[in-house]
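Observations on chain architecture
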Number of protein chains: 6
Amino acid sequence: MKDLIERADNLIEALPYIQKFQGKIMVIKYGGNAMVNGEMLASVLKDIALLKYVGIKPVMVHGGGPAISESLDRLGLESYFHKGLRVTDQETMAVVRETLVGQVNTRIVDYAGLAGTKAVGLSGSDGSLIVARKYFDGTDFDYGYVGEVDRINPVIIETMLTAGYFPIIAPVGVDQSGNSYNINSDLVAGEIAAALKAEKLIVLTNTDGILADKNDPESRISRLKLPEIEEMITSGRIAGGMLPKVKACKTALQNQVNRTHILDGRQEHALLLEIFTAHGIGTMIN
Amino acid sequence: MKDLIERADNLIEALPYIQKFQGKIMVIKYGGNAMVNGEMLASVLKDIALLKYVGIKPVMVHGGGPAISESLDRLGLESYFHKGLRVTDQETMAVVRETLVGQVNTRIVDYAGLAGTKAVGLSGSDGSLIVARKYFDGTDFDYGYVGEVDRINPVIIETMLTAGYFPIIAPVGVDQSGNSYNINSDLVAGEIAAALKAEKLIVLTNTDGILADKNDPESRISRLKLPEIEEMITSGRIAGGMLPKVKACKTALQNQVNRTHILDGRQEHALLLEIFTAHGIGTMIN
Amino acid sequence: MKDLIERADNLIEALPYIQKFQGKIMVIKYGGNAMVNGEMLASVLKDIALLKYVGIKPVMVHGGGPAISESLDRLGLESYFHKGLRVTDQETMAVVRETLVGQVNTRIVDYAGLAGTKAVGLSGSDGSLIVARKYFDGTDFDYGYVGEVDRINPVIIETMLTAGYFPIIAPVGVDQSGNSYNINSDLVAGEIAAALKAEKLIVLTNTDGILADKNDPESRISRLKLPEIEEMITSGRIAGGMLPKVKACKTALQNQVNRTHILDGRQEHALLLEIFTAHGIGTMIN
Amino acid sequence: MKDLIERADNLIEALPYIQKFQGKIMVIKYGGNAMVNGEMLASVLKDIALLKYVGIKPVMVHGGGPAISESLDRLGLESYFHKGLRVTDQETMAVVRETLVGQVNTRIVDYAGLAGTKAVGLSGSDGSLIVARKYFDGTDFDYGYVGEVDRINPVIIETMLTAGYFPIIAPVGVDQSGNSYNINSDLVAGEIAAALKAEKLIVLTNTDGILADKNDPESRISRLKLPEIEEMITSGRIAGGMLPKVKACKTALQNQVNRTHILDGRQEHALLLEIFTAHGIGTMIN
Amino acid sequence: MKDLIERADNLIEALPYIQKFQGKIMVIKYGGNAMVNGEMLASVLKDIALLKYVGIKPVMVHGGGPAISESLDRLGLESYFHKGLRVTDQETMAVVRETLVGQVNTRIVDYAGLAGTKAVGLSGSDGSLIVARKYFDGTDFDYGYVGEVDRINPVIIETMLTAGYFPIIAPVGVDQSGNSYNINSDLVAGEIAAALKAEKLIVLTNTDGILADKNDPESRISRLKLPEIEEMITSGRIAGGMLPKVKACKTALQNQVNRTHILDGRQEHALLLEIFTAHGIGTMIN
Amino acid sequence: MKDLIERADNLIEALPYIQKFQGKIMVIKYGGNAMVNGEMLASVLKDIALLKYVGIKPVMVHGGGPAISESLDRLGLESYFHKGLRVTDQETMAVVRETLVGQVNTRIVDYAGLAGTKAVGLSGSDGSLIVARKYFDGTDFDYGYVGEVDRINPVIIETMLTAGYFPIIAPVGVDQSGNSYNINSDLVAGEIAAALKAEKLIVLTNTDGILADKNDPESRISRLKLPEIEEMITSGRIAGGMLPKVKACKTALQNQVNRTHILDGRQEHALLLEIFTAHGIGTMIN
């Protein structure tokens, strides 16, 4: 019985956070590397089910790098990378889309359903959600069907949220001529958080947050301000895969999103710990 | 951190119950004896705040026997009891009403507000919520302003629930001529649960539930069916203050209320333990 | 028959006023001294029932000085007055609240019900309607639980008006820590009229209006402008119990309330005469 | 002042009737003979404005016999009557419609506007309100464009009532081929009251009601039941112009209309006296 | 079959125009001279039925000059013209109104009904749609009941559009005292288009549009800008009956109406050709 | 110009059909064989765009057999067929789903977007739209992940239709444990039409309809009744790929769907010809 009472106490401790966030939209970026196994995916989606039941409106944008690589391998399609980006010809793009929309997205929707949530899978084509344009890096180099966000039409997300659904979004954009583009999922999440004026953007990844010293995993910084971020980018302390995550946070913060977080998605209950306890984990940027 | 994760686990364990009860009305009878001190009252109202935030619609009916006795004492008004009921003349009735509406009810509303809940105090006059008639016990004996429920007009409760308020109800009824009556609060709770077709009626009292052997506090029965109840009443095993509580449950169950519970309101988190764990406490009648 | 036709003529004469005020909110302050007997109270509430039926939205704030004094007397609690205000310790405050909320307010709600109106009694705790703060007169003097209005949250009134109820409000405020305060009911009425941006604030009292010469009851002034009021306050021509009434009018007028009136509530049909005839009574300030 | 108070008393005396009829639809047939002059018309429309402002939903069907006769005379078109009905050729029908819709109806709409009411003129063509069929009396006789009601489509009336308008209806029907028909306005009023399930049908005419003895104007019957009506028709005691009025009442009563009345429309405030006083005038059939 | 496919192709060609205009209001002025026979009227109303079914919201303002002249002739009432305007005494005005409202308007409503459209006839009295004032030409000359638009109250049109009706409006205005005025129907159409902020104003008349050379019917100008219009008026190249049409366009364009058109209403399917094909007909002014 | 007028005539000829079907749901099954090339797909989606703009609510269920075969080939996965059904192991099912959801469905959504329609792609996981169960043919034979419809939850489709979207559905179902199943798309279309109580089910395939003589392509039957269908199935005249199409029609007709059609989807404008002309094509069953 004592144990039961403690459990009830824990529910009560979450109350102030529930009061604070009720009715608010939270955009969760869930990275391909963070969904390493079904169990972990199931756990994250149970956490999200709870968010939904206490009145928070979650929206997920997922990645899918590992799954894409596997699909391409299976077909014997080799990718050529330029400045860290996969140069994407039409055949590769078709595989990217099939994998993101037909495999990764549907799998997440299924797990959400098993966790008791009414979920709906969306990609950039649905209701013209993600209008893309071809990406150029300032040079003439042709990355093929690598895109960037031109415009978000958030109406379909809002329709689904109002009707009580949990939207799960694959980061494939479409341009005015009907061409599909592979877009970095962090950047898509940032733009969607911005378009929805979300309360929070939470990036679930496979590191602990931003490190003061890249080589010291114990050097996590728990809180940063936008100007500090700028400085850390300029000085190269934020680089590699962390760069688009931080840029997504920046986009969000510049568009009335209140707070952004970079958390380790492999940490059990990372979302609940961040949202429902005073003890923040990962790095918060605001 | 391990502790935090356990706390999050506890939240997740409540999820199936949250899913089940979301949007449902629960009528909570809170007895005068159960609200012995402010701390206990604050704790119950925090539990109710949580219910509200996870989408349950709580409605409270309160008693106030001890407070009434104290008020009458202070004024030197002595009460004469007949068959366990306080014979209530007009002066006494005025004191009863002042105490229930102006002291007990407002106090509970204040505590609800401190727990972060939008609450509203109501009595039978408000929107003609409780239409009363004079009580007779089958003889000519005149109990004065002791009443029973003639009709519940639940519209004002429904209006308040729709607008997001937590209604807290003092058990004073009014008849067609404007006379006030003191009505047993258990019976009022049963009638209100019935009129609202609530999911649950939960009677918080100062005993552990129904006992198989009145003299053995360890003999609590955890589950009873209506016919068993009838038999226990007939055989006198249910008697005294437990009688109106059980009758309230019966009224509720006969009017599409799903389950009724009699719990010890002094037990910390009694409501949460009953609603959010598999481990039921007290006695359930259905 | 001629008599009947005259009666119909009277209905028709009210038409332009009905057209003008339909859908408008009118805040009516009903003073404790004006509700001297049940008959008078019944008559005022019939007038208000008519207002409601022709589409006006009445809101009442009541006082209760005489009833409070009687309650305190009965308990042998003596009050000490400082600069005309009752110094209110915790015990006294409890009696004030019980009397206002549990006796005066419920009584008015009952009379409204008898007049065919769906009424609901509210006090400052309900939906945090009246947020109070402790009153200081500029010195260190401690008046105890005498408060002033910190903020009005009119949502619960608006909810009730939209749902067709007539809200009747007891002037008890609550602060952030849950302490209750006795607040001058005229000032509460002024603040509520302001928060609702009411069409009119009508103060029903036991004098004929504002007198040019305090000693000459025939010297009633029928119309005043705000600046004249200021001058009369400064010069001491408005003083005593008339002061908070006039301040209430000022607060209302400075917050988009259109017109304010001070009328003799003992005058039969004072409200109807003021609202539905060209022949204004009492003093209008605008 | 005493006079003013009496006026207010009169308002209060109307209160129970206002409470009873609020939100109810009343269909008023206003006969051509009853609108003898502009002053009388203005007075009736002021009475109706009052009904509207106290929450009653009036609908008017008007006649126009005298105006039609005058128009035909002016054009030198002579009418031939058969069994009391004007045999109506196409040219005559055009004049009938122009007069009813373009002259009588617009005039009433204008007077309603001057009385402060948002009114809208309708005829049978608008939203296919009155679907007509050619009238036959059981013989082969051809009355031309004399019609009877085939079906009422009340949606346009309901739309206008919901939007707060007072619908004023000219009794011209249209058949499926687009032919217009002149229909007895009493019968149209009865059918419309039936289709709207109105609370009351009130026929304003130029007699005092139904007389026990046709030759004794003092022999008005104040209340009749449907079966008595049947008998009086069979026995010929109800005949002539009174016949369609009584038939209209019968149609209404057989379709859930609560009460029907035949009143003298020239009597000042006839509507108000009937609706707002205990002293009924004219003849009530129910 | 080949023919059928071509027909389907034609439907598809209309698609971009349907997409563009869906949900938009179009005000159509239909001149008395353009409705020369029933067949033509039926054809125009079928075109409008189609507009309505593809989601456009048509509103018609009609004229009626020839019908008015015929009515006056039939009654032997001679009209005296001053500067091209019919000097209108009270008797003439009565005939004008009867003809426009009771004959022309009802006839169009009937034809709309036969084409399967829910239509409703309105004139300036309905819901005070057209508030008029007496017209003066700058001199003292008294034109009698010739009016101009003082103010449009478009609420009744909007109510009817929302409820799915097609409003058909007779150009009769009423002043504050209840006097009716004959107003140029082109100008009424322009004011109504302006008040509704319509997408288009389309004037159907009996010429091909605006001619560069009044004497050369082949010299139609297909597109003009407002300043060009001003110049053509000043230079007298636009004159006579074309003047009010062009002024109506100007009023509309100055009040957020997007485009205005002057078309030959006798041209079969003029409306559809203008709205649904790239091949504009008549003259467009924007 | 003559040509233009003819085009307008064609629009007008569609009017009665538009009036008849406005607001009605039509479920369109679009077979994998019928979408042989992009041009044809674009044409069908333009036709559907037109349906949507004239107020019809289209819902598409698509197949994808040829695309699935191609995907499996590319991966070197061979399929084993039993009684005409592809025995589907887990790896094959993953490819089926990726292809249907990630390739075929997204492609159709893109084409719909290019045709100006707000479309949304759905599969059985979204909002638990298609709940599947494993298929058995009455024997113990294990077909793997071949499923049949257990239950349709049409709420997500209705939500999307209400919000103005065109839902495009991939025939993949999910069971309670989260396993995906490949379900015959004709049968899915039939069940969805039934669940939506659609006006029509239209099966677009690559034959001309049902033939009286399978070997005579000229022997198309234009209209059949349900009992005739039963007889043709029993006698083997309907067999092979036509069987599930006819069963889908049967399911639909038994659940309040009004009419069902089997058409050649390669026929230009097949949908428009069927819906908007008297000249039906293909075979209608009702």
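Since the structure is predicted, the reported quantities are computational estimates derived from the model, not experimental observations. The residue count restarts for each chain, going from 1 along the sequence in the order it is written. Chain A is the first chain written and ligand 1 is the first ligand written, with later ones labelled in order. Two thresholds apply to this predicted model, a pLDDT of at least 70 for residue-level local features and 80 or more for giving and counting side-chain atom pairs, whereas whole-chain, interface and lining totals are computed over all residues. Computation of side-chain values: all heavy atoms of the structure, hydrogens and water removed.

Moving on, we come to the overall build of chain A. Segments assigned H or I by DSSP are reported as helices when at least four residues long, segments assigned E as strands when at least two residues long, and all are numbered from the N terminus. Scanning chain A for helices and strands turns up 9 helices and 14 strands. Only the C-alpha atoms count toward the radius of gyration. The rule for a globule is 2.2 Å times the residue count to the power 0.38. For chain A, whose C-alpha radius of gyration is 19 Å, the value lies close to the compact-globule estimate of 19 Å for 286 residues. Accessibility here uses a 1.4 Å probe with only protein chains present; expressed as a share of the type maximum, an area under 20% marks a residue as buried, one over 50% as exposed, and anything in between as partly exposed. For chain A, with 286 residues in total, the buried portion stands at 57%. Taking contacts inside chain A between residues at least 6 apart in sequence as the whole, the part at least 24 apart equals 74%. For every accessible area listed, the method is Shrake-Rupley and the probe measures 1.4 Å; residues are considered covered only by the protein chains on display. Accessible area of chain A: about 11,100 Å², with a carbon and sulfur share of 48%. When charges are tallied, Lys and Arg are placed among the positive residues and Asp and Glu among the negative ones, while His and the ends of the chain are skipped. We put the charge of a Lys on NZ, of an Arg on CZ, of an Asp on CG and of a Glu on CD. Side chains of chain A carry 29 positive and 34 negative charges; the gap between the two charge centres is 6 Å. By the convention used here, residues are in contact when the closest approach between their heavy atoms is within 4.5 Å.

Glancing now at the interface of chain E and chain F. Contact residues are listed per partner, giving 32 residues for chain E and 32 residues for chain F. In total, chain E and chain F occlude about 3,000 Å² of area from one another, counting both sides; carbon and sulfur atoms represent 72% of this. Only one rule defines a salt bridge in this text: a Lys or Arg side-chain nitrogen within 4 Å of an Asp or Glu carboxyl oxygen. In this assembly, chain E and chain F are joined by 0 salt bridges. Polar contacts here mean pairs of N or O atoms no more than 3.5 Å apart (in protein, one a potential hydrogen donor and the other a potential acceptor; neighbouring residues in sequence count only if both atoms are side-chain atoms). Linking chain E with chain F are 6 residue pairs in polar contact (both at pLDDT 80 or more). If you list the elements that add at least two residues to the side of chain E that touches chain F, you get α1 (2-21), α2 (38-53) and α9 (270-276) of chain E. When two parts are put together, the accessible area they lose, computed with a 1.4 Å probe and summed over both, is reported as buried area.

Residues and elements named next belong to chain F. At least two DSSP bridges between two strands are required for those strands to pair. Within the open sheet, the 8 strands sit side by side as β5-β8-β2-β1-β11-β13-β14-β12. Their pairing is mixed. Only two strands of the sheet have a single partner each, and these edge strands are β5 (119-123) and β12 (223-224). With 5 bridges joining them, strand β1 (residues 25-30) and strand β11 (residues 200-205) adopt parallel strand pairing. Looking across to β11, one finds that I28 is bridged to I202.

What follows concerns the UniProt feature "site: Transition state stabilizer" (unreviewed entry) in chain A. Residue and element names in this part refer to chain A. UniProt positions are given in the numbering used here, feature names are shortened, and annotations may be inferred rather than shown by experiment. Here, UniProt's "site: Transition state stabilizer" (unreviewed entry) annotation points to K29 and K245. Considering the C-alpha atoms alone, the annotated residues occupy 217 residues of sequence yet fold into one spot, their largest mutual distance being 9.2 Å. Residue placement: K29 occurs in strand β1 (residues 25-30). What K29 contacts, discounting residues up to four positions off in sequence, is V61, H62, G63, S185, D186, A189, I202, V203, L204 and K245. When you line up the elements, K245 lands in helix α8 (residues 242-253). Setting aside residues up to four positions removed in sequence, K245 forms contacts with K29, D186, V203, T205 and I262. In this structure the side chain of K245 is engaged in a polar contact, spanning 2.9 Å, whose partner is the side chain of D186.

With that out of the way, let us pick up the relation of the copies chain D and chain C. Taken as rigid bodies, chain D and chain C are interconverted by a rotation of 180° and an axial shift of 0.1 Å, the fit giving an RMSD of 0.0 Å. Viewed as a symmetry operation, the transformation between the two copies matches a two-fold axis. Measuring from the rotation axis to each C-alpha of chain D, the shortest distance belongs to D:V54, at 2.2 Å. In this assembly, 97% of the residues forming the interface of chain D have copies in chain C that are likewise at the interface, indicating an isologous arrangement. In this comparison the copies share one frame, found by least squares on the C-alpha atoms of residues holding pLDDT of at least 70 in both.

Another aspect to go through is the interface of chain D and chain C. Each partner contributes residues to the interface: chain D has 33 residues there, and chain C has 32 residues. Carbon and sulfur atoms supply 72% of the area that chain D and chain C bury against each other, a total of about 3,000 Å² over both sides. Counting across the chain D and chain C interface gives 0 salt bridges. Seen at the junction of chain D and chain C, the total is 6 residue pairs in polar contact (both at pLDDT 80 or more). If you list the elements that add at least two residues to the side of chain D that touches chain C, you get α1 (2-21), α2 (38-53) and α9 (270-276) of chain D. Note on residue categories: nonpolar means Ala, Val, Leu, Ile, Met, Phe, Trp, Tyr, Cys or Pro, charged means Asp, Glu, Lys or Arg, and polar means any other residue, Gly included. Taken together, the residues of the side of chain D that touches chain C sort by class into 18 nonpolar, 8 polar and 7 charged.

Note on geometry: axes are C-alpha line fits, over the in-contact stretch for helices, and angles between N-to-C directions span 0 to 180 degrees. Running from N to C, helix α2 (residues 38-53) of chain A and helix α1 (residues 2-21) of chain B point in directions that differ by 55°, and their axes come no closer than 10 Å. Taken together, the axes of α2(A) and α1(B) are oblique relative to one another. Crossing of α2(A) over α1(B) shows left-handed handedness. Along its contact with α2(A), which presents A:K46, A:D47, A:A49, A:L50 and A:Y53, the element α1(B) presents B:L11, B:I12, B:L15, B:I18 and B:Q19. The residue inventory of the contact of α2(A) with α1(B), partitioned by class, reads 7 nonpolar, 1 polar and 2 charged. Orientation labels follow simple angle bins: below 35 degrees gives roughly parallel, above 145 gives roughly antiparallel, 65 to 115 gives roughly perpendicular, and whatever is left gives oblique. The crossing is said to be left-handed when, going from far helix to near helix, the turn is anticlockwise and less than a right angle, and right-handed when the turn is clockwise.

What follows covers a negative patch on the surface. Side chains of A:D3, A:E6, B:D3 and B:E6 sit close together on the surface and give a patch of like negative charge. Among the secondary structure elements, those contributing two or more residues to the negative patch are α1 (2-21) of chain A together with α1 of chain B. Note on placement: B:D3 falls in helix α1. Candidates for patches are residues over 30% relative accessible area with no salt bridge; among them, like charges are joined within 9 Å and nonpolar side chains (Val, Leu, Ile, Met, Phe, Trp, Tyr) within 5 Å.

Here the focus is the relation of the copies chain E and chain F. Comparison of the two chain copies shows a relationship of rotation about an axis with a shift along it. Superposition of chain E onto chain F requires a rotation of 179° combined with a translation of 0.0 Å along the rotation axis, giving an RMSD of 0.0 Å. Comparing interface residues between copies, 100% of those in chain E also lie at the interface in chain F; the contact surface is shared.

Take the UniProt feature "binding site: substrate" (unreviewed entry) in chain A next. Residue and element names in this part refer to chain A. Within this numbering scheme, the UniProt entry marks G64, G65, R86 and N182 as carrying the feature "binding site: substrate" (unreviewed entry). Sequence-wise these annotated residues cover 119 residues; spatially they are packed, their C-alpha atoms never more than 13.2 Å apart. With respect to the helices and strands, the residue G65 is situated in helix α3 (residues 65-74). Here N182 is in contact with M93, V96, L100, Y145, V146, G147 and P171, once residues within four sequence places are set aside.

With that out of the way, let us pick up the environment of C:F166. Following the sequence through the fold, C:F166 ends up in strand β8 (residues 166-170). The spacing of C:F166 and C:P154 is 12 residues in sequence and 14 Å in space, taken between C-alpha atoms.

Taken as a whole, this structure holds 88 salt bridges over all chains when the rule is applied. Note that D:D264 and D:R266 form a salt bridge whose closest N and O atoms lie 2.9 Å from each other. One continuous salt-bridge network, built from bridges that share partners, spans A:R133, A:E148, A:D150 and A:R151.

For the rest of this paragraph, the subject is the side chain of B:T117. Residue and element names in this part refer to chain B. On the secondary structure map, T117 appears in the loop between α4 (90-114) and β5 (119-123). With relative accessibility at 7%, the residue T117 sits in the buried group. Ignoring any residue separated from it by four or fewer positions in sequence, one finds T117 in contact with A49, K52, A112 and F166.

Moving on, we get to unusual backbone geometry. Positive phi outside glycine occurs at D:Q256, with the angle close to 70°. Considering the arrangement of structural elements, one finds D:Q256 in the loop between α8 (242-253) and β13 (259-264). On the basis of relative accessible area, D:Q256 is assigned to the exposed category, the value being 59%. Despite not being glycine, F:S128 has its phi angle at roughly 50°, a positive value. Inspection of the secondary structure puts F:S128 in the loop between β5 and β6 (130-134). The class of F:S128 is partly exposed, set by a relative accessible area of 37%.

Moving on to the arrangement of the chains. Regarding chain B and chain F, the two do not touch, and the least distance separating their C-alpha atoms is 16 Å. Over all C-alpha pairs, chain C and chain F never come within contact, reaching a minimum spacing of 28 Å.

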